[in-house]
Amino acid sequence: MSPDIILLIAKAAGQTLHMVAVAAIIGSVIGIPLGVFLATSGRGELFAAPGANRVLGAVVNATRSTPFIILVVAIIPFTRLVAGTSIGTNAAIVPLTIATIPFVARLVESAIREIDPGLIETARAMGASPLQIVWKVLLAEARPGITLALTLTVVSLIGYSAMVGAVGGGGLGDLGIRYGYQRFMPDVMAAVVVVLIVLVQAVQSAGDRLARRFDKRIRPR
Amino acid sequence: MNMAPGAFVAERPRAPTRKAEARGDLPRADLVRIEAVSKVFPAGRGGSEVRALDGIDLSARRGSATAIIGRSGAGKSTLIRLINGLEKPTAGHVHVDGVDVAQLGERELRDIRRSIGMIFQHFNLLSSRTVFGNVALPLEIAGISRHEINARVGPLLDLVGLADKRDRYPSELSGGQKQRVGIARALATRPKLLLSDEATSALDPETTQSVLSLLRKINRELDLTILLITHEMEVVKQIADQVAVIDSGRIVERGGVFEIFSAPVHETTKALLSGLPGFRLPAVLATHLKHDPSAGSRAIVRVTFAGQGGQGRIFSKIAEVAGSDHEVIAGALDEIGGKPFGSFLVSVASPKAGQTVDKLAAGGLDAEVLGHVS
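Residues numbered from 1 in each chain as written. Chains lettered and ligands numbered in written order. Predicted model: local features only at pLDDT ≥ 70, side-chain atom pairs only at ≥ 80, totals over all residues. Heavy atoms only, no water.

A. Fine view of the nonpolar core. Residues and elements named next belong to chain B. Among the nonpolar cores identified, the biggest contains 52 residues, and Val 135, Val 153, Ile 183, Leu 215, Met 233, Val 236 and Phe 261 are the most heavily contacted of them. Once residues within four sequence positions are removed from consideration, Phe 261 is found in contact with Met 233, Val 236, Lys 237, Leu 273, Leu 276, Phe 279, Ile 336 and Phe 341. Formed by 31 residues, the second largest nonpolar core is a distinct cluster that contains Val 32, Ile 80, Met 118 and Leu 193. (Core = buried A, V, L, I, M, F, W, Y, C linked by side-chain atoms within 4.5 Å. Buried < 20%, exposed > 50% of the residue type's maximum accessible area, 1.4 Å probe, protein only. Contact = heavy atoms within 4.5 Å.)

This is the structure in structure tokens:
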């Protein structure tokens, strides 16, 4: 493999990390609160708003059931509005973020629903406000679950980011398609796959380790 | 309330504690007063509405330990949750320290709740926080400074005997230790009232004893009013001075613990008491028990002994009345609310049953014929 190719792979890996990081951060900043709301806005719950809950739930489901590659194409006008262009790494971040938000929201929702409702009642009995309950009880207790949810999100994003190569998004997936497949360079394809595997492996084990550290439910030793 | 040591200190001037004042001539106002409270849960899908509470009147004096006992589904959980406003009554008033909790909005309720501690059957500790962190939680919620929190949590852990577990997580503690953390947490905001929701139901008998004696200590030493719900008479006997028996959303019997134990009136009360040793008929006998006597049958008589001094004489009294023919089948002597209390099952020949009961009653012992065994 020539030094040029190695440079290309390094550059593509950098683009992938850039897209994944930005989409994961923005997706979490919006997705976590949305997940908390979905988990607490049902009838008789902390922020009871069954109507809003149903509407947001439907939007989340709609976004999640749209195949990612179709989502990328469908929101091109919106992408152009936000990023100023519909091709390139920065443009790819827009659909990646849009797909991440409902993904994170549903995972966070289920992590929060795992929490014993008795803990919410206990906090209410102490005179906690709904926001205090979210901060001190729900997010604190769901921290291991949310860590795993975000790990899964990043892993999925690495996969999704390979797909945006199809619309000129750049990154490892783009490199693999253009050089590995279209120019028939199997060594590039193999290198891309290996880099992706290493990336996913690293993210997963870091996430697992962090979640285990946060989880005090299991007796240590 | 152990009376014996009290006799030695009776003449010593007492420190003017709040409790002493309350015991004096000042009127002992009720801390909790529940008036004509009903709670109806609306019909769920396909179901009918549930009347959980139906015209409840109940009060708890300051410094008292009041137990509400009933079977599961009797409405006791709903009742205790009305007191800190976790549930709203459909009708009626719930006064806590003169404020009608049922009329308050959520924001005002939050302030009231900070002056009411609560402990739970399943402890409800945060798994993500250490023992210290769990006890600190209500203080953080109340907006108390870090410095003050540090100063307060230590003594609370000392009080419940967990000073050495300060940095442990709940998963590293036993059930009894978890409940002690729960108690320390409930006391952190220095409440006037402690609500206990089946606090010992998930614990083994030995641990139950130690948690109950901790609660009793808190009740006496901190002059904290305790209101507890339970389905175990044993718990009532250990800790309460007042008891209310609840059945199908109504209070069917209430009064001093000793009075209720020595002379239960309602069937539910009797059924709940039947679990205690000396009340329970051994299973072998229970299956053979007939209502009417037959030739050669023997009557089973329950003799209850309540309050009188010289409990040792109960046996000689029974022997004197029933003659050499009697047999003691089961029995237990105990102390309830500081007074001696006993219950015995005795068998005598069926024809002599009526006369035995009369004579025992004349001698100040409560006796009733439960049935006959052939």
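B. Main features of the pattern of salt bridges. Inspection of every chain in the model, using the stated rule, returns 25 salt bridges over all chains. In this structure, Arg113(A) and Glu109(A) form a salt bridge, with 3.3 Å as the shortest nitrogen-oxygen distance. Here Arg113(A) and its partner Glu109(A) are both found in helix α5 (residues 89–113), four residues apart, which amounts to about one turn of the helix. Residue classification places Glu109(A) among the buried residues on the basis of a relative accessible area of 12%. Between Asp167(B) and Arg166(B) there is a salt bridge, with the nearest N and O atoms lying 3.9 Å from each other. For Asp167(B), a relative accessible area of 59% gives the class exposed. On the accessibility criterion, Arg166(B) (33% relative accessible area) is partly exposed. Taken together, the shared-partner salt bridges in this structure form one network comprising Glu45(A), Arg106(A), Glu109(A) and Arg113(A). (Salt bridge = Lys/Arg side-chain N within 4 Å of Asp/Glu carboxyl O. Helix = DSSP H or I, 4+ residues; strand = E, 2+ residues; numbered from the N terminus.)

C. Representation of the domain arrangement of chain B in the model. Residues and elements named next belong to chain B. Taken as a whole, chain B is organised into domain 1 (10–266) and domain 2 (283–373). One C-alpha centre belongs to domain 1, the other to domain 2, and the line joining them spans 38 Å. It is Lys 237, Phe 258 and Ser 262 that lose the most area in domain 1 upon contact with domain 2, and together they represent 76% of the buried surface on that side. Connecting domain 1 to domain 2 are zero salt bridges. Our enumeration of links across domain 1 and domain 2 arrives at zero residue pairs in polar contact (both at pLDDT 80 or more). With five residues, the top contributor of residues to the side of domain 1 that touches domain 2 is helix α10 (residues 257–262). (Domains from an automatic or database assignment. Buried area = accessible area lost by both parts, 1.4 Å probe. Polar contact = N/O pair within 3.5 Å; in protein donor to acceptor, adjacent residues only side chain to side chain.)

D. Local environment of the interface of chain A and chain B. At the interface, 23 residues of chain A touch 26 residues of chain B. With both sides pooled, the region where chain A packs onto chain B buries about 2200 Å², and carbon together with sulfur makes up 52% of that total. Of all residues in chain A, Met126(A), Lys136(A) and Lys216(A) bury the most surface against chain B, accounting for 28% of the area lost on that side. Viewed at the interface, chain B and chain A are joined by three salt bridges. Glu121(A) is paired through a salt bridge with Arg81(B); the nearest N and O atoms lie 2.4 Å apart. Between chain A and chain B we count nine residue pairs in polar contact (both at pLDDT 80 or more) in total. Secondary structure elements with two or more residues in the side of chain A that touches chain B: α6 (117–125) and α7 (130–141) of chain A.

E. Quick look at the packing of helix α1 (residues 3–40) of chain A against α5(A). Packing of α1(A) against α5(A) leaves a shortest axis separation of 6 Å and a crossing angle of 35 degrees. The way α1(A) lies across α5(A) gives a crossing that is right-handed. (Axes fitted to C-alpha atoms, helices over the stretch in contact; angles between N-to-C directions. Left-handed = near helix turned anticlockwise from the far one by under 90°.)

F. Quick look at the packing of α7(A) against helix α8 (residues 143–163) of chain A. All names here are of chain A. Close contact between α7 and α8 brings their axes to 5 Å; oriented N to C, the two are set at 55 degrees. Judged on the interaxial angle alone, α8 and α7 are oblique. Where α7 abuts α8, its residues Leu 139, Ala 140 and Glu 141 lie against Arg 143, Pro 144 and Ile 146. Residue composition of the contact of α7 with α8, by class: four nonpolar, no polar and two charged. (Parallel < 35°, antiparallel > 145°, perpendicular 65-115°, else oblique. Nonpolar A, V, L, I, M, F, W, Y, C, P; charged D, E, K, R; others polar.)

G. Representation of helix α2 (residues 50–65) of chain A. All names here are of chain A. Taking 1.5 Å per residue, 16 residues should reach 22 Å; α2 reaches 22 Å between its end C-alpha atoms and fits that length. Those residues of α2 not exposed but buried are Asn 53, Gly 57, Val 60 and Thr 63. Across the axial projection of α2, the buried residues extend over an arc of 130 degrees, all falling on one side. Residues of α2 that are exposed and angled more than 90 degrees away from the buried face: Arg 54, Val 55 and Ser 65. Here the buried face of α2 lies against α1, α3 (68–74) and α5. (Expected span 1.5 Å × (residues − 1). Arc of directions from axis to C-beta.)

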